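For reference, the chains in residue letters:
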Amino acid sequence: DRDRYSGVFRYLNARNDVTVVRYKRNVNGRRELRNILAKTNPLKTGLIFCSAGNVPDVPPPYKAIVFSPDTVPLPNNISAVSCDNATVARAAADFLIARGHTIFGYVGYACDDKHSQQRGNAFATYLEKSGFSCPSFNLNSGNSNKLVEFILQLPKPCGIFAYNDYIAQDVLDACHKAHLN
């Protein structure tokens, strides 16, 4: 879940006019949320949650936003935001193609992450429609040596699209381990 909202927190933390408070749901969650809200202006306060299952009762006039909701129905005072994986994948493919790449790879996240699968499928489909192929590799915590093998088997130069920043760092680490630039 941290992957889904870390970019938003980086953006918000870079602004001088926004205060970010992290709320963790626990046994005292409702009391903690009330204490946080008591110190804020409802007209300037937004509440961001990872999933609908994490949202406590949010009193009006506060609004809550949920990232990437599943099919859980949301109460009226909760809005939802999700990532357009197909658009992100097309933008990545266009970026790599514009830089002259003709060999591609996708590195996703193996832990049954539907967003990783959607993004990887969209990337491969878009490339195939453009006349290219795209092998993929799904990373999990125990197969970093296999990631090195995957990267080494790709013809060079190649453009690799990683599911997120954390996976991209793993790809860079694997390239260093394989003595690739």
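The structure this text deals with has already been given above.
Source: prediction; values computed, not measured.

J.: If you had to explain the overall build of the protein to someone new, which residues and values would you point to?
T.: Helix and strand content of the protein: six helices and six strands. Expressed as a percentage of its 181 residues, the buried residues of the protein come to 35%. Taking contacts inside the protein between residues at least 6 apart in sequence as the whole, the part at least 24 apart equals 55%. Counting every atom, the protein has about 11,600 Å² of accessible surface; 51% of that belongs to carbon and sulfur.

J.: Any details on the packing of aromatic side chains? Residues and values, ideally.
T.: Under the defined criterion, the tally for this structure stands at six aromatic pairs. Between F104 and F132, the ring centres sit 5.2 Å apart and the planes meet at 70°, which makes this aromatic pair edge-to-face. Of this pair, F104 sits in strand β4 (residues 104-109) while F132 sits in the loop between α4 (114-129) and β5 (136-139), and the two are 28 residues apart along the sequence. You can call F104 buried: its relative accessible area is 1%. Judged by relative accessible area, F132 falls into the partly exposed class, the value being 22%. On the basis of an interplanar angle of 25° and a centroid distance of 5.5 Å, the ring pair of F137 and F150 is categorised as stacked. Here F150 lies in helix α5 (residues 144-153) and F137 lies in strand β5, a separation of 13 residues in the sequence. The pair formed by F137 and F150 is uniform in burial state, with each residue classed as buried. Through a chain of ring-to-ring contacts, the aromatic side chains of F104, Y106, F123, F132 and F161 assemble into a single cluster.

J.: Now, about the nonpolar core: what can you tell me, with residues and values included?
T.: Core analysis: the largest hydrophobic core is formed by 28 residues, its most contacted members being V107, F123, L147 and V171. Broken down by secondary-structure element, the contributors of at least two residues to this core are α3 (85-98), β4, α4, β5, α5, β6 (159-162) and α6 (165-177). Those residues in contact with V107 that lie beyond four places of it in its chain are F137, L139, L147, F150, I160, F161, A162, Y163, I167 and V171.

J.: Run through the packing of α3 against α4, naming residues and quoting values.
T.: It is the contact of α3 with α4, at a shortest axis distance of 8 Å, that shows an interaxial angle of 45°. Our classification of the angle between α3 and α4 gives oblique. Between α3 and α4 the crossing geometry is right-handed. Contacts between α3 and α4 pair N85, A86, V88, A89, R90, A92, A93, D94, L96 and I97 from the former with H115, Q118, R119, A122, F123, Y126 and L127 from the latter. Taken together, the residues that form the contact of α3 with α4 break down as eleven nonpolar, three polar and three charged.

Criteria and thresholds
Residues numbered from 1 in each chain as written. Predicted model: local features only at pLDDT ≥ 70, side-chain atom pairs only at ≥ 80, totals over all residues. Heavy atoms only, no water. Helix = DSSP H or I, 4+ residues; strand = E, 2+ residues; numbered from the N terminus. Buried < 20%, exposed > 50% of the residue type's maximum accessible area, 1.4 Å probe, protein only. Contact = heavy atoms within 4.5 Å. Areas by Shrake-Rupley, 256 points an atom, 1.4 Å probe, with all protein chains shown as cover. Phe/Tyr/Trp six-rings, centres within 6.5 Å; stacked < 30°, edge-to-face > 60°. Core = buried A, V, L, I, M, F, W, Y, C linked by side-chain atoms within 4.5 Å. Axes fitted to C-alpha atoms, helices over the stretch in contact; angles between N-to-C directions. Parallel < 35°, antiparallel > 145°, perpendicular 65-115°, else oblique. Left-handed = near helix turned anticlockwise from the far one by under 90°. Nonpolar A, V, L, I, M, F, W, Y, C, P; charged D, E, K, R; others polar.

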